[in-house]
Structure formats: C-alpha cells, structure tokens
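Take a look at the letters that make up each chain.
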Amino acid sequence: GKDAIAAEAVHWLCRTYIRNNQPQQAINRAQDALRSLDKSPFEINLRMDLSDALYETATGKKKAVNLYKQIASNSPRHDLAPQALYNAAFGEMELGNHKESLALVKQFERAYGKHQLKQDAQYVAAESLLQLNRFDEAETAFKNLISENPRHAQRSQWQVRYGAALYIAKKYKPALELLDG
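Below or above, wherever it landed, is the structure these notes cover. These numbers were taken from a predicted model, which means no experiment stands behind them. (Residues numbered from 1 in each chain as written. Predicted model: local features only at pLDDT ≥ 70, side-chain atom pairs only at ≥ 80, totals over all residues. Heavy atoms only, no water.)

## Topic: the overall build of the protein
- In terms of helices and strands, the protein carries 10 helices and zero strands.
- Reading the secondary structure of the protein in the N-to-C direction produces α-α-α-α-α-α-α-α-α-α.
- Judged by the C-alpha coordinates and their principal axes, the protein covers about 65 × 30 × 30 Å.
- Residues counted as buried form 43% of the 181 residues belonging to the protein.
- Within the protein, counting contacts between residues at least 6 apart in sequence, those at least 24 apart form 48% of the total.
- Accessible surface, the protein: about 10500 Å² in total, of which carbon and sulfur atoms supply 49%.
- Of note, the protein has its 25 positive side-chain charges centred 3 Å away from the centre of its 21 negative side-chain charges. (Helix = DSSP H or I, 4+ residues; strand = E, 2+ residues; numbered from the N terminus. Buried < 20%, exposed > 50% of the residue type's maximum accessible area, 1.4 Å probe, protein only. Contact = heavy atoms within 4.5 Å. Areas by Shrake-Rupley, 256 points an atom, 1.4 Å probe, with all protein chains shown as cover. Lys, Arg positive; Asp, Glu negative; His and termini not counted. Charge placed at Lys NZ, Arg CZ, Asp CG, Glu CD.)

## A closer look at the nonpolar core
- Grouped together as the largest cluster of nonpolar side chains are 53 residues, with contacts concentrated most on Tyr68, Phe108, Tyr123, Val124 and Phe142.
- Dropping the residues within four chain positions of it, Phe142 is found in contact with Tyr123, Ala126, Glu127, Leu130, Trp158, Arg161, Tyr162 and Ala165. (Core = buried A, V, L, I, M, F, W, Y, C linked by side-chain atoms within 4.5 Å.)

## Some thoughts on the packing of helix α5 (residues 81-94) against helix α6 (residues 98-112)
- Packing of α5 against α6 brings their axes to within 7 Å, and their N-to-C directions diverge by 160°. Comparing the axis directions of α5 and α6 gives the class roughly antiparallel. The two elements α5 and α6 cross, and the hand of that crossing is left-handed. For the pair α5 and α6, contact is made by Ala81, Pro82, Leu85, Tyr86, Ala88, Ala89, Glu92 and Met93 and by His98, Glu100, Ser101, Leu104, Val105, Gln107, Phe108 and Tyr112, respectively.
- A breakdown of the residues in the contact of α5 with α6 according to their chemical character gives 11 nonpolar, three polar and two charged. (Axes fitted to C-alpha atoms, helices over the stretch in contact; angles between N-to-C directions. Parallel < 35°, antiparallel > 145°, perpendicular 65-115°, else oblique. Left-handed = near helix turned anticlockwise from the far one by under 90°. Nonpolar A, V, L, I, M, F, W, Y, C, P; charged D, E, K, R; others polar.)

## Some remarks on α5
- Taking 1.5 Å as the rise per residue, α5 with 14 residues should run 20 Å; its terminal C-alpha atoms sit 20 Å apart, in good agreement.
- Counting buried positions over the 14 residues of α5 gives 11, a clear majority of the element.
- Among all positions of α5, only Ala81, Pro82, Ala84, Leu85, Tyr86, Asn87, Ala88, Ala89, Gly91, Glu92 and Met93 are buried.
- For α5, the secondary structure elements touched by its buried residues are α3 (43-55), α4 (61-74), α6 and α7 (118-131).
- Just beyond α5, the residue with positive phi is Gly96, at close to 85°. (Expected span 1.5 Å × (residues − 1).)

## Looking at the pattern of salt bridges
- Throughout the structure, instances matching the rule amount to 13 salt bridges.
- When the shortest N-O distance is used, the salt bridge between Asp32 and Arg35 registers 2.6 Å. Here Arg35 and Asp32 lie together in helix α2 (residues 23-36), a separation of three residues that amounts to about one turn.
- Of the residues examined, Arg35 reaches a relative accessible area of 62% and is grouped as exposed.
- A salt bridge links Glu92 to Lys69; the nearest nitrogen and oxygen atoms lie 2.7 Å apart. Here Glu92 is found in helix α5, whereas its partner Lys69 is found in helix α4, with 23 residues between them in sequence.
- Several salt bridges converge on common partners, so that one network encompasses Lys62, Lys69, Glu92 and Glu100. (Salt bridge = Lys/Arg side-chain N within 4 Å of Asp/Glu carboxyl O.)

This is the structure in structure tokens:
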C-alpha cells in the first residue's frame with residue numbers, strides 16, 4: 001500500500017542524499033521513516049541507509065558499525081545481510097578494532113562464504129592480520145587472495161599490501177621481487 005511506496009521513496013531519497021554527500025539529511029529522513037512506518041518491506045533497506053549515512057559522518061562510524069551488526073544478526077536471510085556484515089567488519093578495521101574485524105570476517109565466511117563480497121572480506125582479514133603484527137598470517141592471506149583472484153579489480157592494491165607485509169616482516173628480498181617485478 002501507500003506505506004510501502006512511501007518507504008521505498010524514502011529509501012531512494014536517502015541513497016541520493018548519501019551519494020550527494022548529505023549524510024545528515026539521509027539520517028534525518030531514515031530515522032523519521034523508521035519511527036513512523038509500520039512493518040515495511042523496506043525496513044531493512046532504511047536501516048541500512050541509516051547505517052551508511054552515519055558511517056559518512058565524523059562521529060557516526062561506531063554507531064553505524066553497531067547498526068550493521070544488528071542488521072546482520074537480526075535479519076541474516078535478508079539480501080542486505082551479507083553487505084551489512086561485511087560493512088561491520090570493514091568498519092571495525094577502519095576503527096582499529098582488528099580482532100573484532102577478524103571475528104566478523106570469520107562469521108561472514110561461515111554464513112556467506114560464496115557471496116560476491118567474499119574476496120573483499122578476505123582482504124579485510126588480511127589487512128587486520130597485518131595491523132595486528134601477525135605478519136606470517138597476513139603474508140599468507142595476501143598471497144592466497146592474489147593467487148586465487150588473478151583478475152580481481154583490487155589485485156594490484158592487494159599486491160602492494162602483500163609487499164608491505166613482506167617488508168614489515170623484514171623479508172626484503174621477496175618484497176623487492178614482488179614490488180619491483
């Protein structure tokens with residue numbers, strides 16, 4: 001009915017505000033819609049919009065990460081649940097919570113191991129391992145990511161981070177071979 005149409009309209013309005021670098025407007029609209037609409041098929045979309053908008057603000061990242069976790073745990077079968085769980089893992093990595101990020105990646109792999117975001121989640125794990133000074137594990141993770149995904153758009157970035165892992169672990173000869181090869 002009308003509520004469903006209104007919810008979808010607000011969803012697309014929020015997406016547009018986010019793309020237009022107006023996250024606060026998206027936050028306001030999503031919060032208003034979530035308060036006023038009864039159970040809508042777009043409720044999860046609106047929660048995701050709210051999370052995405054919060055993530056784009058200077059002080060909202062942690063709250064956004066927590067909302068992503070709620071979406072993933074409360075609605076694990078929803079189409080947006082894998083994205084929410086990935087966003088939570090990435091957000092924890094960006095916030096410097098690398099152990100939590102790794103735990104979320106493991107949860108992602110168990111729940112959505114064949115999802116299109118699998119490689120992106122594996123990158124988050126590799127980067128978190130590197131930041132935790134678990135160099136051998138990071139090296140292996142980056143090496144596997146590169147060898148298993150030869151045509152991935154992010155492959156060159158992964159190679160640079162693999163080279164960084166080798167360098168930080170004082171494996172200079174392999175770092176030179178990789179980065180200068």
